[in-house]
Structure formats: C-alpha cells, structure tokens
Amino acid sequence: MKSLLSGDNLLSQEAFIESLGAGALLRHLLAGSLFGRGPLGQDRQLWVLYRITPTAQRLLAGLKRLGFFLRIQEMDYDFYDDVRLPDGTRSLEELHYHVPARLLAPLETDGDYIRAVRSGLRRDSHERYLRVFLSKRIFEELSGEVRSILVASWFFRTRFPSKGAGQAILYLPGDWRFALLKEYAQGAGVHLMPLRGLAFPWRDLLRPGRAFLLGLIGELGILARGFRTRKNSAPRVAVEMYFQGIGKDLLCHTDFFWYRRQRFPAGTVFGYFAHPQDQPTPERQALLRERGIGWITQAGLWLRMAVPVRRLWRGGEARLTGRFAFLKPLVREFYDRFEGWVQFFKSTGTRIHVSSTDCFPHSEAVHAAIHEAGGVSVSLQRSADREPRLMRRTAVDVHFGYSPAVGLSELLSGSWVRQFVVAGHPYDDAFEAARERSRALAQRLRQAGASFIVCFMDENEGVHPKLVGGRRQIQGDYRFLCERLEEDSSLGLVLKPKRPDLLPDRLGPVWPRLKRWMDAGRCLLLNSDSSDRRLLPCVGSSGADVAISLLDGTTAGLQSFLAGTRTLLLGRGQDQGLFKALQRETVVFDSWGELWEAVKRLRIDPDHPGIGNWEPVIDRLASGRDGKTSERIAEYLGWLLKAFEQGSPREEALRCAGKRYEQAWGPSWVQELTQPASREAVSRWEGILEGIAPEKAPRGSGEAALIHD
C-alpha cells in the first residue's frame with residue numbers, strides 16, 4: 001500500500017469509494033488509511049461513486065470550519081448515458097448479463113464449493129433451491145461491485161487521459177467479493193484496495209433478539225390467530241402481488257389475469273402484498289372484495305411468518321468454515337426466509353403459490369417452503385428476455401412460458417423446472433378489446449388532422465440515474481418525435497410510457513414542447529391514475545399504423561405485434577438476440593435516423609413484406625396465439641386445486657394436472673428441465689424448436705371444468 005500511495009504515484013492515481021458515511025469517514029481519517037497526503041502537502045482527492053450521507057456531509061462541513069479541508073466529491077453521472085466500455089459500447093448489458101455470470105461460473109463448478117453448500121443443507125431436498133438462491137445472491141452482490149468497477153474505470157479513462165498508464169484506486173469492503181473481483185478489476189485498469197471494519201455488525205448482534213421475539217409470537221400465535229388454518233380447511237391459492245394491479249378490466253395489467261373468468265370459489269384465492277409501496281388501499285380492497293379475492297397486507301404477512309423458537313437455530317451453516325465461510329450468512333438468510341414462509345403457508349392453508357417475480361433470490365426460499373408445506377410453486381413468465389440470464393434461473397415446480405423457445409432459455413439459464421408448461425402470451429385475450437379502444441383513440445388524432453399514426457412505447461424508467469439511468473437518452477427520443485411532429489402536419493403520435501407519472505420530470509426541458517402537441521390534439525399520452533388502471537401497451541399500439549419500442553422493452557413490442565401492429569425496435573447497437581435472424585433494418589435499428597427511414601418506406605408501401613414484421617421469429621417468442629392463455633393457466637391451477645381438495649399429495653397433484661394439460665393441448669406443451677443441462681437435453685429442445693409450434697391436440701377430450709362442486 002505504501003508504494004501505491006507514496007511519492008509520484010499519487011500524480012497518476014485517482015481514488016474512488018462507493019459510498020461515504022460518517023463512521024467510515026472518521027475511522028479512516030483517523031487511521032490515515034484512506035486519505036494519503038499528496039505532494040506539496042495537498043490532500044488527496046477522493047471520488048464518491050454513489051452517495052455521501054447527510055451526516056458525513058455535516059461532518060465534512062464541520063472539519064472544514066476547523067481548518068481541515070478534505071478533497072471529497074460525490075460524482076454526478078448517468079449510468080446508461082455516460083458509462084462506456086473502452087470500445088465505446090454501453091456498460092449496461094455487460095453488467096446485467098455477462099461479467100457477474102463469468103465471475104460466478106468457476107465457483108459454481110468447483111467441487112469444494114458444491115460440497116460446502118451440501119454441508120449447509122438441513123435436508124437433501126433443499127439442494128436445488130439453496131444452490132439457485134446462492135447463485136442469485138452472489139450474482140446480486142457481485143453486480144453492485146462490478147458496477148463500481150465499471151464506473152471508476154470509465155471515469156478515470158475519460159476524465160484523466162493525461163495520466164496515461166495511471167490507475168484508479170477503488171476502495172471496497174475486504175470481504176469474500178474482493179478475491180473474486182480483483183483480477184477482473186485489474187483488467188479494467190482499476191486497483192482494488194480493501195476497506196475493513198467499515199460496518200458495525202448490528203444485524204448479527206440484533207438477530208438473536210429479533211429471532212426470539214418473532215419466535216415467541218409464532219409459538220403463542222399472538223395476533224395471527226384470525227388466519228390460522230383449522231383442521232381439514234380448504235386449500236388456498238396464494239398470489240404474490242408486485243405492482244401489476246388487481247382490476248378485472250381486460251385492458252389493464254393485473255396479477256390476476258388468469259382469474260378473469262372467476263371460476264374459483266370465493267375465498268379460495270388471496271393475494272399478499274409484501275412491498276411497502278404496493279399495499280391494498282380501501283379502494284383496492286373494494287376491488288378485491290368484489291372479485292371474491294382475499295388479501296394480506298405487509299404487516300399481516302410479517303406476523304404470519306413468525307417462526308417458533310424451537311426452529312430458530314437448527315441450521316447446518318455452522319459447518320461452513322475456511323474458504324467458504326462467506327456462505328454462512330447467506331445460508332442463514334435462506335433458512336430464515338424458508339422457515340418464515342413455511343410458517344406462512346401452513347398458517348394460511350396455502351397449497352399453491354403463484355408468482356411472476358421469481359427473478360429475486362428470496363423466491364427460491366419461497367419455492368422450497370411451499371414444497372416443505374406439501375404444496376406446489378407456480379411461476380408465470382412476465383417479460384421477454386433476448387437471451388438466457390442467470391437472474392432468470394429458478395427452481396420451481398411449474399413455470400408457464402410464452403413458447404417452447406423460452407424452455408430452452410430457462411434450461412440454459414440453469415433452471416430446474418418440474419413442469420415447463422407452454423401457455424402463450426398472458427394478455428392475448430385482450431387484443432380484440434384493445435383494437436376497439438385504439439380505434440377510438442386513433443379517431444381523435446385523425447380529427448386533429450393526422451393521417452398516419454405512430455405509437456411510441458417507452459420502457460426505460462431511468463428513475464435512478466446512477467443505477468439505471470438513460471434520462472438524456474429518453475429526452476433525445478422525445479425530442480426527435482417532437483421534431484417529426486413539427487415537420488409533418490399529417491403525423492399523429494400515441495405515447496405509452498411505462499411510468500407516465502414520471503414522464504414530466506424525466507423529460508425536463510422537452511416536456512413543455514411535448515405538452516404543446518398534446519394540447520394541439522396531435523399527441524395522446526395514455527396515462528393512469530393508479531396501478532390498478534395501468535393500460536396494456538397494445539391499447540396504444542393497436543390503432544397506430546406502426547409502433548416503436550426499445551429493444552430493452554421487447555415485452556411491449558411483442559405484445560404490440562401480437563395484437564396486430566407492425567412494430568419496430570430501437571436497439572442502439574445492443575445484442576439483438578434472436579432478431580439477428582431477421583433481415584437487417586426491418587425490425588431492429590441502431591439509430592432513430594435508420595428507423596425513421598423505415599417508417600417513411602412503410603408509409604409509401606403499407607404492405608411492405610419485411611418492415612415491422614416479426615413473423616419469421618414470432619413462434620420463438622409466443623405460441624398458441626388463440627386468445628386462450630388465461631384459460632389454459634386457470635384450468636391448470638383449477639386441476640391442481642381440485643386434486644388437493646380431494647386429498648392428493650403434491651406429487652400426485654402435479655402429475656394429474658400435467659397429464660390433463662397434455663391431453664388438452666398436446667404432449668410437447670409440458671416438459672421437464674433438469675440440471676446440469678446435458679448436451680442431450682439441449683438437443684432434445686432444439687428438436688422441439690425445429691417445428692417451433694408445440695404439437696397441438698384437438699380441444700375437447702382433455703377439457704374439464706375447473707373446480708365447481
């Protein structure tokens with residue numbers, strides 16, 4: 001360390017730290033380990049990548065008044081807009097898809113690591129759940145540090161080119177991540193320095209007391225008795241709620257799209273609201289009550305997850321020592337969550353758990369817990385990914401996917417799925433209603449003089465500039481569209497942003513310009529006053545002559561094309577995935593200029609065979625395009641529930657529901673995914689994909705009513 005911080009080396013270095021709090025500032029200021037003294041007695045510059053806490057800011061101000069001036073500056077940047085790799089490409093894909101997965105791969109195949117994980121198991125049947133959980137948690141932890149390395153590397157390379165062969169010094173916690181990241185950081189021109197003892201272990205100290213209190217609640221049943229299951233009570237379906245809405249309108253997002261036919265008895269299905277910003281207000285409770293759906297708030301969920309005292313310290317994580325001791329708190333985290341969810345499922349009578357958000361690590365503890373409670377875990381594909389990715393990995397009993405190609409992607413992502421079930425696009429029963437609604441919207445634009453209508457679907461939230469970003473990009477997108485409106489009086493524009501409530505803030509100086517065209521009637525913004533009335537993208541696109549989405553927002557673009565609108569994607573040089581199979585500059589475009597030339601060609605020739613036509617790859621994105629996806633999923637869940645009502649164990653219930661689905665829709669609509677993904681398994685999936693569409697069976701023989709008694 002002395003050689004790095006001494007003498008002339010300081011002239012060719014810049015120091016970075018992720019965040020700076022008052023405790024870290026004081027400890028390392030006093031220890032002299034963070035702020036070296038530069039030549040001429042100047043204090044060394046320190047760049048803070050994310051945040052200087054308010055307390056640390058006040059402390060710095062106080063030190064300055066006392067004559068101690070420290071050169072510390074919080075960096076201002078937009079991750080998507082600014083941070084680039086040395087070849088000029090954006091860092092976002094490298095962060096989300098590639099680097100953390102490459103760093104993790106050698107660890108996952110290390111025999112000692114696998115044996116260490118097995119030593120932490122409480123039960124052999126938990127292995128697949130725990131391994132997926134750990135992979136996702138480690139990936140999650142590495143992603144944050146890789147982001148810091150990418151930012152430090154970019155900043156040093158672009159802001160200090162005169163330092164040539166100099167080096168960025170990045171201070172990171174000196175824990176298990178440090179060794180995994182060191183070689184990658186060195187290749188990026190960043191030298192890692194360990195920070196030790198920055199955080200006081202409050203969580204470890206408080207855990208026993210918290211665990212005892214929760215365990216006591218669980219032991220006594222305090223405050224949770226109202227929802228406890230009585231003997232022989234009917235099995236329930238629990239639905240994880242996550243910002244998708246609860247309304248029954250066909251044209252709106254909802255976590256209950258499969259429930260629209262209301263073929264489940266009242267009280268059988270309930271939703272639990274785990275996120276503090278997505279809770280059942282009185283208005284939402286009225287919607288749920290109207291549909292016969294129960295609900296549990298975040299507070300109610302917490303109380304029902306209280307674990308009996310006798311089950312708190314029963315894990316094998318104590319056996320994790322030496323090189324893999326870093327797994328100990330992660331394994332403990334898994335089992336803390338696991339025990340809580342087991343308690344929740346047993347106390348509520350849940351036998352089927354449905355989620356569309358199992359990309360999060362904690363979902364694997366949920367899947368393990370419902371298995372332990374004798375139930376079945378079900379996940380629903382929520383978005384279209386362009387390629388396999390580690391965070392999509394899951395160990396679930398049943399996964400409903402858009403197409404067979406999704407099954408191969410899940411296999412290559414590392415998923416274990418007992419039954420991968422091809423269902424189709426979840427909102428395909430809304431397309432006809434969307435076209436009717438869109439025709440009315442288009443008529444308003446035509447009355448204002450528009451003869452050609454474009455729909456733009458903005459999927460880039462850009463809410464957190466240092467984490468996601470893209471604010472300048474999205475301002476450029478809307479500025480370009482405003483310029484086209486100014487140039488062409490026959491052009492109409494429909495806007496369907498993912499977060500319309502944030503659009504004025506995100507657009508900044510561009511918003512008044514856009515608002516002028518909205519007031520003039522040639523631009524319509526599809527807004528919503530609540531998450532329960534958030535319209536589907538196809539509502540905006542179905543009445544347009546052409547729709548435009550971002551390659552990052554392939555899900556919205558897919559829905560648009562399935563609903564019948566030619567759809568273009570703005571890719572900006574990103575990897576196109578399966579769209580590489582299409583003719584160049586027909587669907588994916590690298591710039592607005594290229595894309596708009598295609599729009600002009602389409603205006604001249606509305607029947608152009610290639611522009612906006614996804615047909616050559618559509619079967620890989622969505623199968624069974626018959627408007628019956630929600631019916632298929634509801635049927636399957638109904639068969640599962642009926643089997644549980646008749647007293648079948650989980651394995652028999654799974655077998656029964658899968659068999660009936662195959663009889664109704666075809667044998668290749670249900671497949672098993674196992675790990676590791678063998679060459680034979682991949683070849684089998686590739687064989688299925690040669691014909692792409694699943695083998696279809698006549699509808700009728702396998703059809704059955706849901707669960708009417």
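Only a predicted model underlies this, so the values are computations on that prediction, with no experimental measurement involved.

**Student:** Even after reading the chapter, I still don't get the overall build of the chain, so can you show me in this structure?
**Tutor:** What the chain contains, in helices and strands, is 25 helices and 19 strands. Looking at the chain as a whole, 56% of its 709 residues are labelled buried. When contacts within the chain are restricted to residue pairs at least 6 apart in sequence, those whose partners lie at least 24 apart make up 73%. Accessible area for the chain stands at about 30100 Å²; split by element, carbon and sulfur atoms hold 53% of it.

**Student:** Help me out: how do you make sense of the pattern of salt bridges in this one?
**Tutor:** In a structure, side chains of opposite charge can pair up when their charged atoms sit close to one another. All told, the structure shown has 46 salt bridges when counted by the stated rule. Between Lys248 and Glu290 there is a salt bridge, with the nearest N and O atoms lying 3.0 Å from each other. In this pair, Lys248 sits in the loop between β6 (236-241) and β7 (269-273) while Glu290 sits in helix α10 (residues 282-290), placing the two residues 42 residues apart along the sequence. With its nearest N and O atoms 3.1 Å apart, the salt bridge here joins Glu432 to Arg435. In this pair, Glu432 and Arg435 are both assigned in helix α15 (residues 431-447), three residues apart and thus about one turn of the helix distant. Among the charged side chains, a network of salt bridges with common partners joins Arg137, Glu140, Glu141, Glu145, Asp175, Arg177, Glu333 and Arg337.

**Student:** Looking at this structure, how should I read the confidence of the model for the chain?
**Tutor:** Any segment with low pLDDT has predicted coordinates that should not be analysed in fine detail. Looking at the chain as a whole, its pLDDT mean stands at 85, while 85% of the residues score no less than 70. Ignoring residues within four places in sequence, the model shows residues 222-228, a span with pLDDT below 50, making 14 contacts including any to other chains.

**Student:** Please explain the sheet that holds strand β11 (residues 395-401) as it appears in this structure.
**Tutor:** Hydrogen bonding along the main chain pairs the strands of a sheet, whether they run parallel or antiparallel. The strand order across the open sheet built from eight strands is β8-β7-β6-β9-β10-β11-β12-β19, with neighbouring strands paired in mixed fashion. Strands at the two margins of the open sheet, each flanked by one partner only, are β8 (294-296) and β19 (670-673). Strand-to-strand twist across the sheet, computed as the mean angle between neighbouring axes with direction ignored, equals 25 degrees. Across three bridges, the pairing between strand β12 (residues 416-422) and β19 is antiparallel. Within β19, the residue paired with Phe420 across the bridge is Gln671. Each of β6, β7, β8 and β9 (350-355) is contacted by helix α12 (residues 327-348), which is oriented at about 145 degrees to β7, the strand it contacts most. Along the sheet, helix α24 (residues 650-665) makes contact with β10 (376-380), β11, β12 and β19, crossing β12 at roughly 30 degrees.

**Student:** Help me out: how do you make sense of the sheet that holds strand β14 (residues 491-495) in this one?
**Tutor:** In spatial order, the strands read β15-β14-β13-β16-β17-β18; together these six strands make up an open sheet with parallel pairing. Each edge of the sheet is formed by a strand with only one pairing partner; in this case those strands are β15 (523-525) and β18 (588-589). The pairing of β14 with β15 spans three bridges and is parallel. Across the sheet, residue Leu495 finds its bridge partner in β15, namely Leu525. Seen against the sheet, helix α16 (residues 471-487) touches β13 (452-457), β14, β16 (546-550) and β17 (567-570) and runs at an angle of roughly 150 degrees to β14.

**Student:** Just to check I follow, could you spell out the pairing of strand β5 (residues 190-195) for this structure?
**Tutor:** The two faces of a sheet get side chains in turn, since along a regular strand they alternate between them. Summarising burial for β5: five of the six residues are buried, a large majority. In this structure, strand β4 (residues 167-173) lies alongside β5, joined through six bridges in parallel fashion. Among the inter-strand pairings, Leu170 is bridged to a residue of β5, identified as Leu192. Following the backbone out of β4, through helix α8 (residues 176-187) and into the adjacent parallel β5, one traces a crossover that is right-handed.

**Student:** What am I meant to see in the side chain of Thr350 here?
**Tutor:** Assignment of secondary structure puts Thr350 in strand β9. According to the relative accessible area criterion, Thr350 is buried, its value standing at 1%.

**Student:** Explanation requested: unusual backbone geometry in the structure shown.
**Tutor:** Across the chain, the bulk of peptide bonds are trans and the bulk of non-glycine residues have phi less than zero. Of note, the amide linkage connecting Gln675 to Pro676 takes the cis form, showing an omega dihedral of 0 degrees. Position of Pro676 relative to the elements: it lies in the loop between β19 and α25 (679-691). Phi angles above zero are rare outside glycine, and Glu585 is one such case at about 55 degrees. Structurally, Glu585 can be placed in the loop between β17 and β18. In this structure Glu585 comes out as partly exposed when scored by relative accessible area, which is 27%.

**Student:** Any chance you could explain the nonpolar core here in plain terms?
**Tutor:** One recurring pattern in soluble globular proteins is that nonpolar side chains are buried together. Phe256, Trp258, Val378, Phe400, Phe579 and Tyr661 are the most contacted members of the largest nonpolar core, which totals 93 residues. The leading source of residues in this core is helix α23 (residues 629-645), at nine residues. Within the second largest apolar cluster, 76 residues are counted, among which are Leu103, Phe155, Ala185 and Leu390.

**Student:** What is the right way to look at the pairing of strand β1 (residues 13-20) in this model?
**Tutor:** For β1, the buried fraction is high: seven of the eight residues fall into the buried class. Note that β1 and β4 share five bridges and pair parallel. For Ala15, the partnering residue across the bridge sits in β4 and is Ile169. As paired elements, β1 and strand β2 (residues 46-52) share five bridges and run parallel to each other. Within the sheet, the bridge partner assigned to Ala15 lies in β2 and is Leu46.

**Student:** Quick question: what am I supposed to make of the packing of aromatic side chains here?
**Tutor:** To describe a pair of aromatic rings, you give the distance between the ring centres and the angle between the ring planes. All told, the structure shown has 37 aromatic pairs when counted by the stated rule. Of the aromatic side chains, those joined through ring pairs into one cluster are Phe16, Trp47, Tyr77, Trp154, Phe155, Phe156 and Phe160. Geometry around Phe79 places Arg147 over its ring, the cationic atom sitting 4.8 Å from the centre. One residue, Arg177, lies across the ring of Trp176, its end atom 6.0 Å from the ring centre.

**Student:** Could you clarify how one ought to interpret the packing of α16 against helix α18 (residues 511-520) in this entry?
**Tutor:** The axes of two packed helices give the description: the angle between them and the distance between them. Where α16 contacts α18, the two axes come as close as 10 Å, and the packing angle between them is 40 degrees. Classified by the angle their axes make, α16 and α18 are oblique. The interaxial crossing formed by α16 with α18 has left-handed handedness. Contacts between α16 and α18 involve Tyr478, Arg479, Cys482, Glu483, Leu485 and Glu486 on the former and, on the latter, Arg513, Leu514, Arg516 and Trp517. Residue composition of the contact of α16 with α18, by class: five nonpolar, no polar and five charged.

**Student:** Looking at this structure, how should I read helix α7 (residues 127-159)?
**Tutor:** An α-helix turns once every 3.6 residues. As a result, residues three or four positions apart point the same way. Between the first and last C-alpha of α7 there are 47 Å, a value that for 33 residues agrees with the 48 Å anticipated at 1.5 Å per step. Counting buried positions over the 33 residues of α7 gives 25, a clear majority of the element.

**Student:** Can you walk me through the environment of Ala440 in this structure?
**Tutor:** Within the secondary structure, Ala440 sits in helix α15. Given a relative accessible area of 47%, Ala440 falls into the partly exposed group. Separated by 103 residues in the primary sequence, Ala440 and Gly543 place their C-alpha atoms 8.0 Å from one another.

**Student:** Explain the environment of Val510 here, please?
**Tutor:** Along the chain, Val510 falls in the loop between α17 (503-507) and α18. When the C-alpha positions of Val510 and Gly476 are compared, they lie 8.6 Å apart, and in sequence the two are 34 residues distant. For Val510, the contacting residues outside a window of four places in its chain are Gln475, Tyr478 and Arg479.

**Student:** Before we go on, may I ask you to explain the environment of Trp685 in this structure?
**Tutor:** Relative to the elements of secondary structure, Trp685 occurs in helix α25. Excluding residues that lie within four positions of it along the chain, Trp685 makes contacts with Pro404, Gly407, Leu408, Leu411, Phe420, Gln671 and Leu673.

The rules behind the values
Residues numbered from 1 in each chain as written. Predicted model: local features only at pLDDT ≥ 70, side-chain atom pairs only at ≥ 80, totals over all residues. Heavy atoms only, no water. Helix = DSSP H or I, 4+ residues; strand = E, 2+ residues; numbered from the N terminus. Buried < 20%, exposed > 50% of the residue type's maximum accessible area, 1.4 Å probe, protein only. Contact = heavy atoms within 4.5 Å. Areas by Shrake-Rupley, 256 points an atom, 1.4 Å probe, with all protein chains shown as cover. Salt bridge = Lys/Arg side-chain N within 4 Å of Asp/Glu carboxyl O. pLDDT = per-residue confidence, 0-100. Pairing = 2+ DSSP bridges. Axes fitted to C-alpha atoms, helices over the stretch in contact; angles between N-to-C directions. Right-handed = clockwise from strand over helix to strand, strands pointing away. Core = buried A, V, L, I, M, F, W, Y, C linked by side-chain atoms within 4.5 Å. Phe/Tyr/Trp six-rings, centres within 6.5 Å; stacked < 30°, edge-to-face > 60°. Lys NZ or Arg CZ within 6 Å of the ring centre and 35° of its normal. Parallel < 35°, antiparallel > 145°, perpendicular 65-115°, else oblique. Left-handed = near helix turned anticlockwise from the far one by under 90°. Nonpolar A, V, L, I, M, F, W, Y, C, P; charged D, E, K, R; others polar. Expected span 1.5 Å × (residues − 1).

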